[in-house]
Amino acid sequence: MIGAMARHQVQVLRAAGMTLNQVAAEAKVSQSSVQRIEREPPIAEPDDLLQACARGVGRPSVVGPWRERLAAVLAAEPELKTVEILHRLREQGYRGGKTALYELAHEIRPHRTVPLVRFEGVPGEFSQHDFGQVRVRYLSGGHERLHFFASRLKYSRWVDVRLVLDEGVESLVRSLIAGFASFGGVPLVAVFDNPKTVTLGREGTRIQWNDTFGQTALDYRFAPELCTPRRAQEKGAVENLVGFVKGSFFKVRRFHDRRDLEAQLAAWHLEVNTVRPCRATRVTPAERMVVERERLRPLAIPPAEYALRFSVFVGPTGLVSFQGYRYSMPPETIGIPGMLWLYPERVRIVAGRFAREHARVPEQGKDSFHPEDRAARLAQVAGRRGRLYLKRQEILDLGPAAESFLTEIVHRHRFTWQGEVEQLHGALVQHGPKALHRALALAHERELYGAPHVLRLLAKEVA
């Protein structure tokens, strides 16, 4: 098909008196085409398709005769899926292709235009929060996939980014309240996407909140707000926060190692919050924070003192299992449900009228014992043999070095290992799990298999 502008060129050149040969050569068309074009009305529209339709160029449309029926279907059911329209029209005799029908349906279907609503906030009203992931390659060699949690105040654009181990509920809560501390207070509303750490799903319009997160919202008195699923307009601001962090920090900088990355992240916080003007507001976040901070509410609990709460159960061995570790409770609490308060560095467990505090990560191995719980548990075990094997198990639980050492003395000293276990357990109670484990590891390394050797090593360490 000869385009509208090429046809216009032919008409202009012929009107100027050029010969058929000259115009055909100039427009790169045949002489017969030149003769046909000069008999046509003057070109009034540059649109090739409109010109072709007006001249009746091309094959007749297969879907054209179905336009009125298609319009009637869409008028009755505007949201009807196009595949269902195709099915109905084929039942009525349509034999054309689906692509032509889909294009016509798109042209005819009424389109609802929703005006763009700019999501802004007044001072102290909104904060936005989201997890992000990025793969970082270090100049020193190696690479790492990092998880981070980003927070931003909507009014001032103050940003806080925390590297986290995972995207679990504890990482979210601790990063969230650390972000509030960075802001200098708590806003009215915290806006999230729909992660499982915040919501377990929806039942109609009712949101099922994650219990641990929900308790945090109550403790710090902020209103959580979720983006509506499949509403890109609402999610955009939250997701753009992650894109902003990636684009202005992770993707434009080079890092020697993890320590260098963390140092640069701290410097970036100062730059983006206090030095660099925000594109949206034309001033630095620090300038607008002067107004916003007055509207933020003080943190009810300092981040380092905030505890997440979890329901637990005291097992048959008098231990509470939580996140891969086991914590001792008095034997009287066996079989009783309790509550565990999880702090950044410690745990507190309450079951019935009994309470215990432990270091979050045990001193050695996976078990943390209060001395009185160890003694009480041992007293509850009936029979000399039962108590012996309980003591041996407590030594085995110290770690691989203890297991290797006990394996040797059990096989080397088949008739005397019981007495050695008694001695080693006494050293465990007296010196603690970490010191005994070091002595067992050193004895195994030197092939000094016997409780007296371990006790001598412990005595030297204590001295």
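Residues numbered from 1 in each chain as written. Predicted model: local features only at pLDDT ≥ 70, side-chain atom pairs only at ≥ 80, totals over all residues. Heavy atoms only, no water.

1. So, the packing of helix α6 (residues 82-91) against helix α7 (residues 98-108)
Then step 1. At their nearest, the axes of α6 and α7 sit 10 Å apart, and the two run at 120° to each other. Every pair of crossing elements has a handedness; the one defined by α6 and α7 is right-handed. Here α6 contributes T82, V83, I85, L86, L89 and R90 to the contact with α7, which in turn contributes K98, L101, Y102 and A105.
Then step 2. For the contact of α6 with α7, a count of residues per class yields seven nonpolar, one polar and two charged. (Axes fitted to C-alpha atoms, helices over the stretch in contact; angles between N-to-C directions. Helix = DSSP H or I, 4+ residues; strand = E, 2+ residues; numbered from the N terminus. Left-handed = near helix turned anticlockwise from the far one by under 90°. Contact = heavy atoms within 4.5 Å. Nonpolar A, V, L, I, M, F, W, Y, C, P; charged D, E, K, R; others polar.)

2. Considering the sheet that holds strand β13 (residues 354-359)
Within a sheet, neighbouring strands are paired by backbone hydrogen bonds and run either parallel or antiparallel to one another.
Then step 1. Sheet architecture is open: four strands sit in the order β8-β11-β12-β13, paired in antiparallel fashion. Two strands close off the open sheet at either side, each with one partner strand: β8 (308-313) and β13. The average undirected angle you get between the axes of adjacent strands in this sheet is 20°.
Then step 2. Of the strand pairs in this sheet, strand β12 (residues 346-351) and β13 are connected by six bridges, and their pairing is antiparallel. Paired with V347 across the two strands is H358, which belongs to β13. (Pairing = 2+ DSSP bridges.)

3. A few points about the environment of P277
Then step 1. Mapped onto the elements, P277 comes out in the loop between α11 (258-275) and α12 (285-292).
Then step 2. Spatially, the C-alpha atoms of P277 and E287 are 9.3 Å apart, while their sequence positions differ by 10 residues.
Then step 3. Apart from the residues lying within four places of it in its own chain, the contact partners of P277 are R282, V283 and T284.

4. Considering helix α17 (residues 433-445)
Then step 1. Compared with the 18 Å implied by 1.5 Å per residue over 13 residues, the 18 Å span of α17 between its first and last C-alpha is a close match.
Then step 2. Residues of α17 that are buried: P433, A435, L436, H437, A439, L440 and A443. (Expected span 1.5 Å × (residues − 1). Buried < 20%, exposed > 50% of the residue type's maximum accessible area, 1.4 Å probe, protein only.)

5. Focus: the sheet that holds strand β14 (residues 367-368)
Then step 1. Here three strands make up an open sheet; going across it, the order is β9-β10-β14 and the pairing mixed. Either end of the sheet is taken by a strand with one partner, and the two such strands are β9 (319-322) and β14.
Then step 2. Across four bridges, β9 lies against strand β10 (residues 325-328) in antiparallel orientation. For V320, the partnering residue across the bridge sits in β10 and is Y327.

6. Structural notes on the packing of aromatic side chains
Then step 1. All told, the structure shown has 15 aromatic pairs when counted by the stated rule.
Then step 2. Ring geometry for W66 and Y94: centres 5.7 Å apart, planes at 80°, overall edge-to-face. Of this pair, W66 sits in the loop between α4 (48-55) and α5 (67-76) while Y94 sits in the loop between α6 and α7; the two residues are 28 residues apart in sequence, bridging distant segments of the chain. Each member of the pair W66 and Y94 is classed as buried.
Then step 3. Measuring from ring centre to ring centre gives 6.1 Å for F213 and F222, while their planes differ by 65°; the resulting arrangement is edge-to-face. (Phe/Tyr/Trp six-rings, centres within 6.5 Å; stacked < 30°, edge-to-face > 60°.)

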